[in-house]
Amino acid sequence: MDISQYDPKKYIIIKGAGVNNLKDIDVAIPRNKLVVITGLSGSGKSSLAFDTLFAEGQRRYVESLSAYARQFLGRMSKPKVDYILGISPAVAIEQKVNIRNPRSTVGTSTEIYEYMKLLYARIGKTFSPVSGKEVKRHSVADVAEILLELPEGTKIFILSPIVLPENRTFEQQLEILQQEGFTRIILDGKISRIEDVLSGKALKKKKFDLLVDRITIHQEDDELRARLGDAVQTAFFEGMGNCRVQILHEEQEPENLEFSNRFELDGITFEKPNENFFSFNNPYGACKTCEGFGSIIGIDEDLVVPNKTLSIYQDAVVCWRGEKMSEWKDRFVLAAPKFGFPIHKPYCELNKEQKEMLWYGTKHAEGIYAFFKAIEAEAYKIQYRVMLARYRGKTVCPDCHGTRLRADASYVKINKRSIIDLVLMPVSDLSLFFENLNLEDHEQKIAERILKEIQNRLQYLLDVGLGYLTLNRLSNTLSGGESQRINLATSLGSSLVGSMYILDEPSIGLHPRDTQNLIHVLLQLRDLGNTVIVVEHDEEIIRTADYIIDIGPLAGRNGGEVVFSGTFEEMLLPKIQTLTAKYLRNEEEIEYSNKRRKGSEFIRLINVWENNLKNITVKFPLNSITVVTGVSGSGKTSLVKTVLYNVLKKRFSGIENYTGKCSSVEGNLALLSDVELVDQNPIGRSSRSNPVTYLKAYDDIRQLYSEQPLAKKRSYKPGFFSFNVPGGRCEVCEGEGEITVEMQFMSDVHLLCEECKGTRFKEEVLEVKYRDKNVHELLQMTVSEALAFFSSDTSTITQRISHKLQCLEDVGLGYLQLGQSSSSLSGGEAQRIKLAFFLSKGNAEKPVLFIFDEPSTGLHFHDIKKLNRSFEALIKKGHSIIIIEHHTDIIKIADWVIDMGPEGGENGGTVVFEGTPEDLVKCKKSYTGQFLKGKL
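Caption draft 1: Structural detail: the overall build of the chain. Looking only at helices and strands, one finds 34 helices and 33 strands in the chain. Considering only C-alpha atoms, the chain reaches an extent of 125 × 80 × 65 Å along its principal axes. Classification of the 936 residues of the chain by burial places 51% in the buried group. Contacts in the chain between residues far apart in sequence, at least 24 positions, make up 68% of those at least 6 positions apart. Total accessible area on the chain stands at roughly 43,900 Å², and carbon and sulfur atoms take up 48% of it. The centroid of the 118 positive side-chain charges in the chain is displaced by 5 Å from the centroid of its 125 negative side-chain charges.

Caption draft 2: Highlighting the environment of K133. Structurally, K133 can be placed in the loop between β6 (125-126) and α5 (140-148). Accessibility expressed as a relative area gives 55% for K133, which makes it exposed. Not counting residues within four places of it along the chain, the set of residues in contact with K133 comprises T126, F127, S128 and L265.

Caption draft 3: Summary view of the environment of G465. Considering the arrangement of structural elements, one finds G465 in the loop between α16 (441-463) and α17 (480-494). In this structure, the C-alpha to C-alpha distance between G465 and L65, residues 400 residues apart in sequence, is 37 Å.

Caption draft 4: A look at the pairing of strand β9 (residues 190-193). Bridge count for strand β8 (residues 184-187) against β9 is four bridges, and the pairing is antiparallel. In the strand pairing of β9, R184 is matched with R193.

Caption draft 5: Fine view of the packing of helix α30 (residues 827-840) against helix α31 (residues 861-876). Between α30 and α31, the least distance of the axes is 10 Å, while the angle of their chain directions is 35°. In terms of crossing hand, the pair formed by α30 and α31 is left-handed. Of the residues in α31, those in contact with R832, L835 and L839 of α30 are L867, S870, F871, A873 and L874. For the contact of α30 with α31, the per-class residue count stands at six nonpolar, one polar and one charged.

Caption draft 6: Representation of the sheet that holds strand β24 (residues 616-621) in the model. Pairing is antiparallel in the open sheet, where three strands are placed in the order β24-β23-β26. What marks the edges here is a single partner per strand, and that holds for β24 and β26 (662-667). Shown here is a sheet whose adjacent strand axes are inclined to one another by a mean of 10°, direction ignored. Along the sheet, helix α22 (residues 636-652) makes contact with β23 (602-608), β24 and β26, crossing β23 at roughly 115°.

Caption draft 7: Up close: a negative patch on the surface. A contiguous patch of negative charge on the surface is contributed by E152, E220, D221, D222 and E223. By relative accessible area, D221 is classed as partly exposed at 38%.

Caption draft 8: Fine view of the nonpolar core. In this structure, M116, F434 and L805 are the most contacted members of the largest nonpolar core, which totals 140 residues. In contact with F434, other than residues within four places in its own chain, are M116, L119, L422, L451, I454, Q455 and L458. Core analysis: the next-biggest nonpolar cluster, separate from the first, contains 32 residues, V333, A336, Y347 and L388 among them.

Caption draft 9: Quick look at empty space enclosed by the protein. If you walk through the whole model with that rule in mind, you get two cavities of 30 Å³ or more. The calculated volume of the largest cavity comes to roughly 40 Å³. If you trace the largest cavity, you find it lined by H511, G630, V631, D899, M900, G901, P902, V912, K925, S926, Y927 and T928. Looking at the lining of the largest cavity, the elements that each hand over two or more residues are β32 (896-901) and α34 (927-932). For the lining of the largest cavity, the element with the highest residue contribution is β32, accounting for three residues. Counted by class, the lining of the largest cavity contains five nonpolar, five polar and two charged residues. Considering only enclosed or pocket space, the second largest cavity measures out at about 30 Å³ in volume. As for the second largest cavity, its lining consists of T126, F270, E271, F277, D408 and Y411.

Caption draft 10: Seen up close, the sheet that holds strand β10 (residues 207-216). Spatially, six strands are ordered β9-β8-β10-β7-β11-β12 in an open sheet, and the strand pairing comes out antiparallel. What marks the edges here is a single partner per strand, and that holds for β9 and β12 (255-260). Direction aside, the axes of adjacent strands within the sheet are offset by 35° on average. Pairing between strand β11 (residues 242-248) and β12: six bridges, direction antiparallel.

Caption draft 11: Geometry of the environment of E676. Here E676 is to be found in strand β27 (residues 674-678). Taking the C-alpha atoms as reference, E676 lies 42 Å from I25; in sequence the two are 651 residues apart. Excluding residues within four positions of it along the chain, E676 makes contact with Y645, F838, V848, L849, F850 and I851.

Caption draft 12: Broad picture of the confidence of the model for the chain. Overall, the predicted model of the chain reaches an average pLDDT of 87, with 96% of residues at or above 70. By mean pLDDT, helix α2 (residues 67-73) is the weakest element of the chain at 68, and strand β3 (residues 34-39) is the strongest at 96.

Caption draft 13: Molecular detail of the pattern of salt bridges. Within the structure shown, the criterion is met by 48 salt bridges. Between R59 and E56 there is a salt bridge, with its nearest N and O atoms 2.9 Å apart. Of the two residues, R59 and E56 both sit in helix α1 (residues 45-63), three residues apart, roughly one turn of that helix. Each member of the pair, R59 as well as E56, is classed as buried. Note that E376 is salt-bridged to R392, the shortest N-O span being 3.4 Å. Of this pair, E376 sits in helix α12 (residues 368-377) while R392 sits in strand β16 (residues 392-396); the two residues are 16 residues apart in sequence, bridging distant segments of the chain. According to the relative accessible area criterion, E376 is partly exposed, its value standing at 40%. Note on R392: relative accessible area 34%, which makes it partly exposed. Several salt bridges converge on common partners, so that one network encompasses E539, R543, D889, K892 and K935.

Caption draft 14: The arrangement of the packing of aromatic side chains in detail. Taken as a whole and judged by the stated rule, the model has 34 aromatic pairs. Ring centres of Y716 and F720 lie 4.2 Å apart, and the angle between their planes is 15°; on these two criteria the pair is classed as stacked. Centroid distance F789 to F790: 5.3 Å. Interplanar angle 65°. Geometry classified as edge-to-face. Each member of the pair, F789 as well as F790, is classed as buried. An aromatic cluster is built from W320, W328, F332, F339, F341, F371, F372 and Y391, whose rings are joined through pairwise contacts. The ring of Y284 has R406 sitting right over it, with the charged end atom 5.1 Å from the ring centre.

Caption draft 15: Region of interest: unusual backbone geometry. Note that the residue after G552, namely P553, is joined by a cis bond; omega there is 0°. Note that P553 resides in the loop between β21 (547-552) and β22 (561-566). Cis geometry is found at the peptide bond from G901 to P902, where omega equals 5°. Structurally, the position occupied by P902 is in the loop between β32 and β33 (910-915). In this model, K757 sits at a positive phi of 55°, which is unusual for a non-glycine residue. The residue K757 is located in the loop between β29 (749-752) and α26 (763-766) in this model.

Reading guide: rules and limits
Residues numbered from 1 in each chain as written. Predicted model: local features only at pLDDT ≥ 70, side-chain atom pairs only at ≥ 80, totals over all residues. Heavy atoms only, no water. Helix = DSSP H or I, 4+ residues; strand = E, 2+ residues; numbered from the N terminus. Buried < 20%, exposed > 50% of the residue type's maximum accessible area, 1.4 Å probe, protein only. Contact = heavy atoms within 4.5 Å. Areas by Shrake-Rupley, 256 points an atom, 1.4 Å probe, with all protein chains shown as cover. Lys, Arg positive; Asp, Glu negative; His and termini not counted. Charge placed at Lys NZ, Arg CZ, Asp CG, Glu CD. Pairing = 2+ DSSP bridges. Axes fitted to C-alpha atoms, helices over the stretch in contact; angles between N-to-C directions. Left-handed = near helix turned anticlockwise from the far one by under 90°. Nonpolar A, V, L, I, M, F, W, Y, C, P; charged D, E, K, R; others polar. Patch = residues over 30% accessible without salt bridge, like charges linked within 9 Å, V, L, I, M, F, W, Y side chains within 5 Å. Salt bridge = Lys/Arg side-chain N within 4 Å of Asp/Glu carboxyl O. Core = buried A, V, L, I, M, F, W, Y, C linked by side-chain atoms within 4.5 Å. 1 Å grid on protein atoms, 1.4 Å probe; cavity = no way out; pocket = protein on both sides within 12 Å on 5 of 7 lines; lining within 4 Å. Points joined across faces, edges and corners; volume = space filled by probe spheres on them. pLDDT = per-residue confidence, 0-100. Phe/Tyr/Trp six-rings, centres within 6.5 Å; stacked < 30°, edge-to-face > 60°. Lys NZ or Arg CZ within 6 Å of the ring centre and 35° of its normal.

The following block contains the structure:
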């Protein structure tokens, strides 16, 4: 590609990019366009987008800062590239859930909560929980305005109610007031001069009114406002915040107006709202019990009542079993008729009020919390300490009920709603609340700008398909796709212009129905004047792109080249023979069998109620592929990962009566030996962890090298070839290959170990070779290269290594290096390494139920083809598979489909369809069926 012809004002020009597997490629990316970078998994897409473009954008930004600022940001190395021209400030939105802060919520990460705090601090009204009346605090200006509206000629007394301090007599108080310049008081309803009262006989008075000023209202008096202000200010000061105005009428009794500059009502002093009052990240606003976390270590409901289908009479409360502890149950059961508690009703059917009776007790009987307080009082005995430990766990804070804020924050309301009510609403409902907000004129002026920011950000969340989330949802509980789309919505809310946005598969976790909304958001971002670069495999997004860059032709060392760049129309031309083009033209297809397996054995979950699931009953066939699908937030994860996986894991761990948040589990569980969750969490946290150590292939590789003649001569055992234990590893870097220098004011610097030059082993270990390759050189090979390397050796040990490596090749990971650090793997790659590990184990004595969470993440059409073959291999070994997935190319291979919905959040949680993919396309209620029609 001749990039000299491109103008850097119109294109981002990359010359000689060689990061990772990129082969010194030249690329010209049009500015202010939606650009999609696609290609096989491992072909070099992320290396170009993130490790080259974004890394250089960030480095230039840091270089532009002052030397003082740079010392806190650390050293940023230049990516391996000749030069990049026309680059803009870069913003990367990755799919990793990298928020570990337990305080971070959807509201704080999108900044919506920051604006809501400001709104409530500015125009929120405080209401007393006793009478429900608004708590008002009168300022001097408020009182003056009221008095100026009185009719012309009205005579008023401005009084200050005086309450004697305990250590002062009535006479002493009057003397002090006289010294301050006051002359009159109102005593027993009459005006009296202070000196006259003092000269009379001693009076034992506790309370009287000080006459501050006598004023006649004349509207034309220019100095009246100032005089009223001074008098009211003085009255407030002397009356400890209270002021009384007596309006005199000619023929009627005087009328009294009471004012207070204290924020109180019904005998309660309230806090004046400010921003920190609504912040759970500030000690002032956070709940004092949980310190703003929303949860505490307390009594775990699931441990106290593990089987929720039992009633209280049937011993649902396990801590009330036994000869001695059953006394608590007996007392509660006998007293139950007095407060109308249903002792024969299953725990799962109790309403909120009835559960509170059981846990908090009533005046007639003590509850579960009282029981544990009694146990705590006996905690000096070992058996009671053991009992307490058995039922302890992370539980919702009993004071703030998980909302994290101090209790009196709920007294402040706008349109009868507190900020706590709002954060518990789904975003879709919250958006409607702010649209229909009724404010007074002066409130509207104050709130106008704040409301605009809130409504814009809420709309962006709706646009990216997250209307089912609540602002109170913890950020670290979001999926990778949800986290990325929240970052996207936040970026849109910032309204940056002239920037370069680089997104990593924003369609992850998104149902095809919602993809159009996402595309609309990406185009919106582009139309603001930004260059939007998306690493993506989704067909709809590729079709919408202004420009497509296809990296390939294959993965790893067989990739790293630009095999196509141009528009979608150009890609469809017959002369373009890339794998992506072939799949888009339907020349290559992901095959599937019309013969669906009909399992005779099922696992059935009865009455599941986790999160938004509405007491549904679902069956999962064994020894077949089941796909659970549905729109985002419909309840797929709650059903499969939260309930099914936890229930079965507890059963296989030996807890027989555990049913979790469902009535019961039916089916022949004896047919299964275990349940395995294959998610996208990293395969190892250690920097020494890599694919061959995870698959246990490295054990055989170490054995192989220890059997070489030189190793035997030197008595090297297999452990000598490990970089995890002392012996043959380099002790300077302890087998890491690099040395980490901890910098006091900068991020840690990683330097290549000068002793071993990154090989991680001592020189004498590297002298041991197998077919002219030492252990370091072997670990530098890709999986595909290693398979070819071992293919000519038919010994038992190399056959074992080849079998395990072949499993990595089969799941499409032939491009990975054997010694590649686990920390550099994407979530999709980590998931497929786990799959390869199970494939490498051979036929299990007893089948296992595998649960996969969106295995299509990061996969090209060609990779999905390989993945589907791996699923078939597991089924042939007798295992069962359940997949949470939106990708139609995986749904179409399923034997059984469970479609959740119909919508997300509160409008989801029901089973829309159960059956085969062929029947699903006939279901008019199913959104999934509509998108599956073109695939079957």
